[in-house]
Amino acid sequence: NAGSDFMDRVVLVRKHIATELGIIVPPIRLRDNITLPPERYRILIRGVEVAGGELRLRGYLALESGLCEDMVPGTPTSEPAFGLPALWIEEETVERAKAAGYTVVDPGSVLLTHLTETIRRHAADILSRQDTQALVDMVRESSPVAVEEAVPNLITVGELQRVLQGLLAEGVPTRDMVTILEILGDRAKMTKDTGMLVEYVRQGLARTIAGQYVAEDGKLHVLTLDPGVERAVIESLHQVNGELVPGLEPGLAEALITSLASRAEEAANRGFQPVLLCSSSVRRFVRRLTSRILARMPVLSYDELPPELELENLGMVEVAVDA
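Residues numbered from 1 in each chain as written. Predicted model: local features only at pLDDT ≥ 70, side-chain atom pairs only at ≥ 80, totals over all residues. Heavy atoms only, no water.

Engineer: An account of the overall build of the protein chain is needed here, citing residue identities and associated values.
Structural biologist: Of the regular secondary structure elements, the protein chain holds 13 helices and 12 strands. Restricting to contacts in the protein chain with at least 6 residues of sequence separation, those with at least 24 account for 70%. Here the protein chain has roughly 17700 Å² of accessible surface; of this, 51% comes from carbon and sulfur atoms. (Helix = DSSP H or I, 4+ residues; strand = E, 2+ residues; numbered from the N terminus. Contact = heavy atoms within 4.5 Å. Areas by Shrake-Rupley, 256 points an atom, 1.4 Å probe, with all protein chains shown as cover.)

Engineer: How would you explain the packing of helix α7 (residues 157-168) against helix α8 (residues 177-187) if you had to name every residue and give the values?
Structural biologist: With their axes 12 Å apart at the nearest point, α7 and α8 run at an angle of 120° to one another. In terms of orientation, α7 and α8 fall into the oblique class. The two elements α7 and α8 cross, and the hand of that crossing is right-handed. Counted together, Leu 160, Val 163, Leu 164 and Leu 167 of α7 and Met 177, Ile 180, Leu 181 and Leu 184 of α8 form the full contact between these two elements. Residues that form the contact of α7 with α8 fall into these classes: eight nonpolar, no polar and no charged. (Axes fitted to C-alpha atoms, helices over the stretch in contact; angles between N-to-C directions. Parallel < 35°, antiparallel > 145°, perpendicular 65-115°, else oblique. Left-handed = near helix turned anticlockwise from the far one by under 90°. Nonpolar A, V, L, I, M, F, W, Y, C, P; charged D, E, K, R; others polar.)

Engineer: Kindly report on the pattern of salt bridges, identifying the contributing residues and their values.
Structural biologist: Per the counting criterion, the structure on display carries 17 salt bridges. The shortest N-O distance in the salt bridge between Arg 120 and Glu 117 comes to 2.1 Å. With Arg 120 and Glu 117 both in helix α3 (residues 107-121) and three residues apart, the pair spans about one turn of that helix. Classification of Arg 120 as partly exposed rests on a relative accessible area of 24%. Salt-bridge contacts for Arg 283 lead to Glu 170; the nearest nitrogen and oxygen are separated by 2.8 Å. Placement of Arg 283 in helix α13 (residues 283-290) and of Glu 170 in the loop between α7 and α8 is noted, with a sequence separation of 113 residues between them. The burial state of Arg 283 is the same as that of Glu 170; both residues are buried. Connected via shared salt-bridge partners are Glu 170, Glu 199, Arg 202, Arg 283, Arg 287 and Glu 304. (Salt bridge = Lys/Arg side-chain N within 4 Å of Asp/Glu carboxyl O. Buried < 20%, exposed > 50% of the residue type's maximum accessible area, 1.4 Å probe, protein only.)

Engineer: Please set out the sheet that holds strand β6 (residues 103-105) residue by residue, giving values where relevant.
Structural biologist: With antiparallel pairing, the four strands of this open sheet are ordered in space as β4-β5-β3-β6. Here the strands that pair on one side only, and so sit at the sheet edges, are β4 (75-78) and β6. If you compare each strand with its neighbour and ignore which way they point, the axes differ by 35° on average. Here three bridges tie strand β3 (residues 59-63) to β6, and the two strands are oriented antiparallel to one another. If you follow Leu 61 over to β6, its bridge partner there is Val 105. (Pairing = 2+ DSSP bridges.)

Engineer: Tell me about the environment of Gly 101, residues and numbers included.
Structural biologist: Position of Gly 101 among the secondary structure elements: in the loop between α2 (94-100) and β6. Given a relative accessible area of 32%, Gly 101 falls into the partly exposed group. Between the C-alpha atoms of Gly 101 and Gly 271, which are 170 residues apart in sequence, the distance is 19 Å.

Engineer: Go over the sheet that holds strand β10 (residues 275-278), please, and point to the residues and values.
Structural biologist: Consider a sheet: its strands pair through backbone hydrogen bonds, and that pairing is either parallel or antiparallel. Spatially, the four strands line up as an open sheet ordered β11-β10-β7-β12, and their pairing is parallel. In this open sheet, the two edge strands, each paired with only one partner strand, are β11 (299-301) and β12 (310-317). Put simply, the sheet's adjacent strands are angled 40° from each other on average, direction ignored. Here six bridges tie strand β7 (residues 219-225) to β12, and the two strands are oriented parallel to one another. Of the residues in β12, the one forming a bridge with His 221 is Glu 312. Across the sheet, helix α12 (residues 250-269) touches β7, β10 and β12, and the angle it forms with β12 is around 135°.

Engineer: How would you explain the pairing of strand β5 (residues 85-90) if you had to name every residue and give the values?
Structural biologist: Examined bridge by bridge, β3 and β5 share five bridges and lie antiparallel to one another. Within β5, the residue paired with Ala 62 across the bridge is Leu 87. The turn joining β4 and β5, which pair antiparallel and follow one another in sequence, is formed by six residues; a positive phi near 75° is taken by Gly 83.

Engineer: Can you tell me about α7, naming the residues and giving the values?
Structural biologist: Along an α-helix, residues three or four positions apart point the same way, because every turn accommodates 3.6 residues. Over its 12 residues, α7 runs 16 Å from end to end, which matches the ideal 16 Å to within 8%, given 1.5 Å per residue. All buried positions along α7 are accounted for by Val 157, Gly 158, Leu 160, Gln 161, Val 163, Leu 164, Leu 167 and Leu 168. Where α7 is buried, its residues meet α1 (6-21), α4 (123-126), α5 (129-142), α8 and α9 (194-204). (Expected span 1.5 Å × (residues − 1).)

Engineer: Break down the packing of α5 against α7 for me, citing the residues and quoting the values.
Structural biologist: When two helices pack together, you describe them by how their axes are tilted relative to each other and by the distance separating the axes. Running from N to C, α5 and α7 point in directions that differ by 95°, and their axes come no closer than 9 Å. Here α7 runs roughly perpendicular to α5, going by the angle between their axes. Along its contact with α5, which presents Arg 129, Thr 132, Gln 133, Leu 135 and Val 136, the element α7 presents Val 157, Gly 158, Leu 160, Gln 161, Arg 162 and Leu 164. A per-class count over the contact of α5 with α7 returns five nonpolar, four polar and two charged.

Here you go:
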């Protein structure tokens, strides 16, 4: 009623995510909850709160760039999508903040950025079985052979859903459904292990995956994993409910996370955002070990690197492993 274009921008968020990730984003509903404090908002998926924050509707968020030349008055806070240090400032301070080097964002854009990142991070939770069937039906119109060879002859819609969720959980777009189904049509003849199928698909999408992390200098900046650690991970594998999971001794697992976090911080201080590189035989298990503490650290295998890609090794993640 106040003339805001916020709802139109929400529609654009849905379209953008659908184009970027290749999934069907369900309708986004906004509801006024009188039980929440006036400046508080929550983001729910399937009725469960997955994110939230606060907005000052008559304020602006000033993000510190690290190169700010002047301090401006405001209330310290964190930008909700990425946790970056920021200030809530008044409208009369906006121009001063911009001149000092801050990035100034209006509250609607703050919320939309948080909403977009939340959808990205929870894309695997959003993808339903019905959505998966709809994706299959769309591919069938243009590439019927790719569908017929894979679904449902070799893999069910439910199994395909789990493969797509495995990709989305690590930020891998599922736009190229034809390639995904062709790979599954070949590999599902050999294994029904969803984790292995995800790895095979990742290798087939190597350029898409690696391309997400190539820096402005055209290189992929990587940390490599000590072969001794890889051996320890493989030796620790055991079955849980029919699934292979790593069972590293807690002290060793903690040491691995600590070493990786230290190396990543060193790289960040040098201006790099590295990926962790390891062999394909342990990639998914290493990712499982690091996903809780270092959720934003990409873990790639050597088989996911296009041959023409130039690497810059920033160091090796080492942990003392008992013989």
